[in-house]
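Survey of secondary and tertiary structure
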Amino acid sequence: MLKHLSISNYAIIDNLEISIDKGFTVITGETGAGKSILLGALSLILGQRADTSILNDKEKKCVVEGSFEFDENLYQDFFQKNDLDFEKLNIIRREISNSGKSRAFINDTPVNLNLLKELTQQLIDIHSQHQTLQVQDNLFQLKVIDSYAKTEDEIISYKAKYAEYLKNKHLLEKLIVDSKSASSDLDYMRFQIEEIEALNLKINEKEEIQSELQTINNAEEIKNALSYSSEALLNADKNLITELKKITNSLAKISKWSNDYNLVYERLQSSLIELEDISSEIDSLDNSFSFDPDNLTFLNERLNRIYTIEQKHNLSSTEQIFQFLSQLKNKIDAIDSFEERILEQEKVVNQQKQALNLLAKLISEKRQNCFKNLCKRIITSLHELGMSDANFQIKHQTLANFNENGIDTIEFLFNSNKGFDLKELHKAASGGELSRLMLTIKSILAESKNLATIIFDEVDTGVSGDIADKMAVIMKKMSQNIQVISITHLPQVAAKGQFHYKIFKETNKEKTITKLSYLNDKERVEELAKMLSGEKITTAARQHAENLLID
């Protein structure tokens with residue numbers, strides 16, 4: 001339960017602290033005094049998001065800190081799983097800097113907001129005014145049933161299995177769509193393969209044809225160059241090789257007389273050897289050079305067929321054609337395996353569907369088994385709250401197919417007047433009746449959950465007099481098992497509190513701030529009297545206030 005709450009620099013709260021004990025605590029104050037601001041600050045340590053707009057002083061950070069006392073056995077797994085130290089008094093803190101940066105801590109260990117929510121949603125339930133309308137929502141109603149029927153563990157397991165089922169079902173649907181799409185392209189892919197294979201391509205064939213065509217197209221120039229070079233080097237009367245040999249022989253005679261002569265001779269001799277080899281190669285190329293003009297047509301046609309394939313498939317080389325051919329064959333192999341993969345996936349989906357159906361039926365059975373007892377308890381409580389003719393039932397239908405919540409649809413039916421048919425809440429219940437119904441449900445659920453603290457934010461809206469007193473009795477009864485905090489405008493509710501705090505605004509020269517004070521017995525009488533009669537407190541109002549406190 002919440003033992004202490006400290007708030008600094010939040011909205012019109014400068015510094016505010018409240019210590020709360022077990023039992024029934026009430027908080028009163030005029031409209032606009034800051035009750036909703038107090039809850040807004042508390043919501044920060046419950047994991048709600050915030051920005052710099054909540055800062056009272058833009059130069060300072062906002063800090064909200066709560067001290068909680070709870071059973072280690074209930075939260076041991078959570079603390080161990082998240083590597084957190086458990087303390088006798090656990091401190092949860094939230095900080096919002098003036099730059100907008102948010103930080104959260106559990107016992108001084110930094111945590112993210114999701115982890116913070118996971119813990120605090122098990123500790124505190126804040127029931128605000130607008131949440132009373134939730135009782136009309138079918139999903140909320142189903143959650144009420146699950147909480148009372150204690151199906152939470154089964155629901156967690158079911159939702160995990162359902163998510164996995166949807167994942168595999170979508171995969172199956174994709175396989176079927178892909179299979180149909182691929183099958184429609186199968187004939188065309190086979191045609192493409194046949195067209196490419198009919199070419200009987202060789203590796204780098206296009207590049208070799210291009211080279212050969214270049215030679216044929218420049219045959220005359222090539223032949224002239226080779227013949228001229230061969231003639232000049234070897235075959236002319238005064239060819240270069242013969243003349244170089246003469247020069248070499250001449251230098252050989254004088255090479256022994258000077259080192260410089262010898263170096264020139266050796267370099268020339270080396271060059272002559274290389275030139276003789278080049279001359280021989282050129283002469284061989286000249287003698288062997290030939291081409292078949294008739295082959296020109298064949299090569300051009302062959303090259304054009306290769307170009308056609310490349311252009312059709314946006315390719316640019318023989319290697320890419322082979323790669324494309326391989327991809328086509330792989331796709332056909334994949335298409336051939338679609339049927340087998342679909343059968344395997346169908347088996348997985350059917351197995352998961354059967355498991356979900358069994359679990360959904362188990363959950364549905366547990367839900368239905370609690371209907372009679374839950375309805376009886378709600379009706380009894382509503383009668384105690386002044387609705388003596390109220391009737392309540394749970395309408396149940398079984399779905400043909402399961403969804404994320406199982407196979408059940410739930411509808412709460414209600415009527416407060418004798419002799420009339422039960423109807424859906426939004427058609428049959430007034431605001432005050434909804435408030436009483438929600439309080440009834442919360443009081444019943446408080447017994448079945450491990451909740452430590454529940455905060456009612458004007459749950460008594462729309463009621464007064466004797467009914468307000470009876471609602472307060474229920475809240476006080478709830479406080480025997482859990483910590484109950486009620487923010488109220490009604491003196492009948494405030495009088496039932498074991499502890500009474502007043503929230504109020506105080507204005508000085510600089511600004512208005514919200515403050516909170518604990519009321520002693522005398523101060524409680526004055527506060528209740530003021531709530532009964534207004535600013536001008538009468539003797540009768542004080543007497544009435546004293547009587548409320550005695551009751």
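My aim in this report is to walk through the structure given alongside it, one point at a time.

**Considering the overall build of the chain**
When helices and strands are tallied, the chain shows 18 helices and 15 strands. The dimensions of the chain, computed from C-alpha atoms along their principal axes, are 150 × 65 × 40 Å. Put simply, the chain has 551 residues, and 44% of those count as buried. Pairs at least 24 residues apart make up 70% of the contacts formed inside the chain by residues separated by at least 6 positions. Accessible area for the chain stands at about 30,800 Å²; split by element, carbon and sulfur atoms hold 48% of it. Here the chain carries 67 positive and 84 negative side-chain charges, and the mean point of each set is 10 Å from the other.

**Quick word on the sheet that holds strand E11 (residues 423-424)**
In spatial order, the strands read E9-E10-E11; together these 3 strands make up an open sheet with antiparallel pairing. Each edge of the open sheet is held by one strand with a lone partner, namely strand E9 (391-403) and E11. Bridging between strand E10 (residues 406-415) and E11 involves 2 bridges; their strand directions are antiparallel. Counted as the bridge partner of leucine 413 is glutamate 424 from E11. Its contacts with the sheet place helix H4 (residues 138-149) against E9 and E10, and it is angled at close to 100° to E10. Helix H12 (residues 318-384) rests against E9 and E10 of the sheet, and its axis sits at about 175° to E9.

**With respect to the pattern of salt bridges**
Inspection of every chain in the model, using the stated rule, returns 26 salt bridges. Of the charged contacts, one joins aspartate 125 and lysine 442 as a salt bridge, the two residues approaching to 2.6 Å between their closest N and O atoms. With aspartate 125 in strand E8 (residues 124-127) and lysine 442 in helix H14 (residues 431-448), the pair connects residues that are 317 residues apart, well separated along the chain. For the pair aspartate 125 and lysine 442, a shared accessibility class is recorded, and that class is buried. Lysine 245 serves as the salt-bridge partner of glutamate 276, at 3.6 Å between the closest nitrogen and oxygen. With glutamate 276 in helix H10 (residues 259-288) and lysine 245 in helix H9 (residues 240-254), this pair connects stretches of sequence that are 31 residues apart.

**As for the sheet that holds E8**
In space, the 6 strands of this open sheet follow the order E8-E12-E13-E3-E14-E15, with mixed pairing throughout. Bordering the open sheet on either side are E8 and strand E15 (512-518), each of which pairs with just one other strand. Looking at each pair of strands side by side, their axes are set apart by 15° on average, direction ignored. Two elements, strand E12 (residues 453-457) and strand E13 (residues 483-487), share 5 bridges in a ladder whose sense is parallel. Looking at E13, one finds that isoleucine 455 is bridged to isoleucine 485.

**Some words on the side chain of glutamine 345**
The topology assignment puts glutamine 345 in helix H12. Glutamine 345 has contacts with Asn168, Leu171, Leu172 and Leu175, leaving out every residue within four places of it along the chain.

**Quick word on the packing of H4 against H12**
Between H4 and H12, whose axes approach to 9 Å, the crossing angle comes to 90°. The orientation of H4 relative to H12 falls into the category roughly perpendicular. Contacts between H4 and H12 involve Leu142, Ile145, Asp146, Tyr148 and Ala149 from the former and Ile363, Lys366, Arg367, Cys370, Phe371, Asn373, Leu374 and Arg377 from the latter. Taken together, the residues that form the contact of H4 with H12 break down as 8 nonpolar, 1 polar and 4 charged.

**Describing the environment of phenylalanine 322**
Summarising the element assignment, phenylalanine 322 is placed in helix H12. Remark: the alpha-carbon pair of phenylalanine 322 and glutamate 546, spanning 224 residues in sequence, is separated by 99 Å. Non-local contacts of phenylalanine 322, meaning those with residues more than four positions away in its chain, are made with Leu201, Lys202 and Ile203.

**Some words on the packing of helix H5 (residues 152-184) against H12**
Where H5 contacts H12, the two axes come as close as 9 Å, and the packing angle between them is 155°. Classified by the angle between their axes, H5 and H12 sit roughly antiparallel to one another. Viewed along their axes, H5 and H12 form a crossing whose handedness is left-handed. In terms of residue class, the contact of H5 with H12 is made up of 19 nonpolar, 6 polar and 10 charged.

**With respect to the pairing of strand E4 (residues 62-68)**
Counted residue by residue, E4 has 6 buried out of 7 residues, so it is predominantly covered. Where strand E1 (residues 2-10) lies against E4, 6 bridges are found, and the strand directions are antiparallel. Bridge pairing links leucine 5 to glycine 66 in E4.

**Some words on the environment of isoleucine 209**
Topologically, isoleucine 209 is positioned in helix H7 (residues 205-217). The spacing of isoleucine 209 and threonine 25 is 184 residues in sequence and 96 Å in space, taken between C-alpha atoms. The residues touching isoleucine 209, leaving out its near neighbours within four places in the chain, are Leu299, Arg302, Leu303 and Ile306.

**Observations regarding the nonpolar core**
By size, the foremost hydrophobic cluster in this structure holds 46 residues, and its most contacted members are Leu5, Ile7 and Ile27. Considering every element that reaches this core, the biggest residue donor is helix H1 (residues 35-44), with 6 residues. Excluding its chain neighbours within four sequence positions, the residues that come into contact with isoleucine 27 are Ile18, Lys35, Leu38, Ile485, Ser486, Ile487, Thr488, Tyr501, Ile503 and Leu516.

**As for the packing of aromatic side chains**
Considering all chains together, one arrives at 12 aromatic pairs under this definition. Aromatic side chains tyrosine 158 and tyrosine 162 sit 6.0 Å apart centroid to centroid with 10° between the ring planes, which places their arrangement in the stacked category. Taken as a pair, tyrosine 158 and tyrosine 162 lie in helix H5 at a separation of 4 residues, close to a single helical turn. Accessibility expressed as a relative area gives 14% for tyrosine 162, which makes it buried. Summarising the aromatic geometry, the rings of tyrosine 162 and phenylalanine 402 are spaced 6.2 Å apart at their centres and angled 80° between planes, so their arrangement reads as edge-to-face. In this pair, tyrosine 162 is assigned in helix H5 and phenylalanine 402 in strand E9, connecting sequence segments 240 residues apart. We classify phenylalanine 402 as buried; its relative accessible area is 11%. Residue placement shows arginine 93 over the ring face of phenylalanine 105; its charged tip is 4.2 Å from the ring centre.

**Re the state of the cysteines**
The final tally for this structure, using the stated rule, is 0 disulfides. Free cysteine: cysteine 375, not disulfide-bonded; nearest cysteine sulfur from cysteine 370 at 8.3 Å.

**Focus: the environment of glutamate 310**
Secondary-structure assignment places glutamate 310 in helix H11 (residues 295-312). For glutamate 310, a relative accessible area of 5% translates into the label buried. Sequence separation of glutamate 310 and lysine 530 is 220 residues, and the distance between their C-alpha atoms is 93 Å. For glutamate 310, the contacting residues outside a window of four places in its chain are Lys206, Leu315, Ser316, Ser317, Thr318 and Ile321.

So, how was this worked out
The residue count restarts for each chain, going from 1 along the sequence in the order it is written. Local features in this predicted model are restricted to residues of pLDDT 70 or higher, and side-chain atom pairs are both shown and tallied only at a pLDDT of 80 or more, whereas totals for entire chains, interfaces and linings draw on every residue. Values shown for side chains rest on all heavy atoms present in the structure; no hydrogens or waters enter the calculation. Counting from the N terminus, the helices are DSSP H or I runs at least four residues long and the strands are E runs at least two residues long. When a residue's accessible area, from a 1.4 Å probe over protein chains only, is under 20% of the maximum for its type it is buried; when over 50% it is exposed; and in between it is partly exposed. Here a residue-residue contact requires only that any non-hydrogen atoms of the pair lie within 4.5 Å. Areas reported here follow the Shrake-Rupley algorithm with a probe of radius 1.4 Å; residue values treat only the protein chains shown as occluding. Note that His is not counted, nor are the chain ends; the positive residues are Lys and Arg, and the negative ones are Asp and Glu. Note that the charge is assigned to NZ on lysines, CZ on arginines, CG on aspartates and CD on glutamates. Strands are labelled as partners when DSSP assigns at least two bridges between them. Each axis is a line fitted through C-alpha atoms, and for a helix only the stretch in contact is used; angles between axes span 0 to 180 degrees, taken between their N-to-C directions. Salt bridge, as applied in this entry: a Lys or Arg side-chain nitrogen positioned within 4 Å of an Asp or Glu carboxyl oxygen. Under this scheme an angle from 65 to 115 degrees is roughly perpendicular, one under 35 degrees roughly parallel, and one over 145 degrees roughly antiparallel; angles in between are oblique. Following the grouping adopted for this structure description, the nonpolar residues are Ala, Val, Leu, Ile, Met, Phe, Trp, Tyr, Cys and Pro, the charged ones are Asp, Glu, Lys and Arg, and the polar ones are all others, Gly among them. In this scheme, a crossing is called left-handed if the near helix is turned counterclockwise away from the far one by less than a right angle; it is called right-handed if the turn is clockwise. Joining through side-chain atoms within 4.5 Å is the link that ties buried Ala, Val, Leu, Ile, Met, Phe, Trp, Tyr and Cys residues into a set, and such a set is a nonpolar core. A pair of aromatic rings is counted whenever rings of Phe, Tyr or Trp (Trp by its six-membered ring) have centres within 6.5 Å, and the orientation is called stacked for planes under 30 degrees apart, edge-to-face for over 60 and tilted otherwise. In our convention, an over-ring charge means Lys NZ or Arg CZ found within 6 Å of a ring centre and within 35 degrees of that ring's normal. Cysteine sulfur atoms are paired as a disulfide whenever they come within 2.5 Å of each other.

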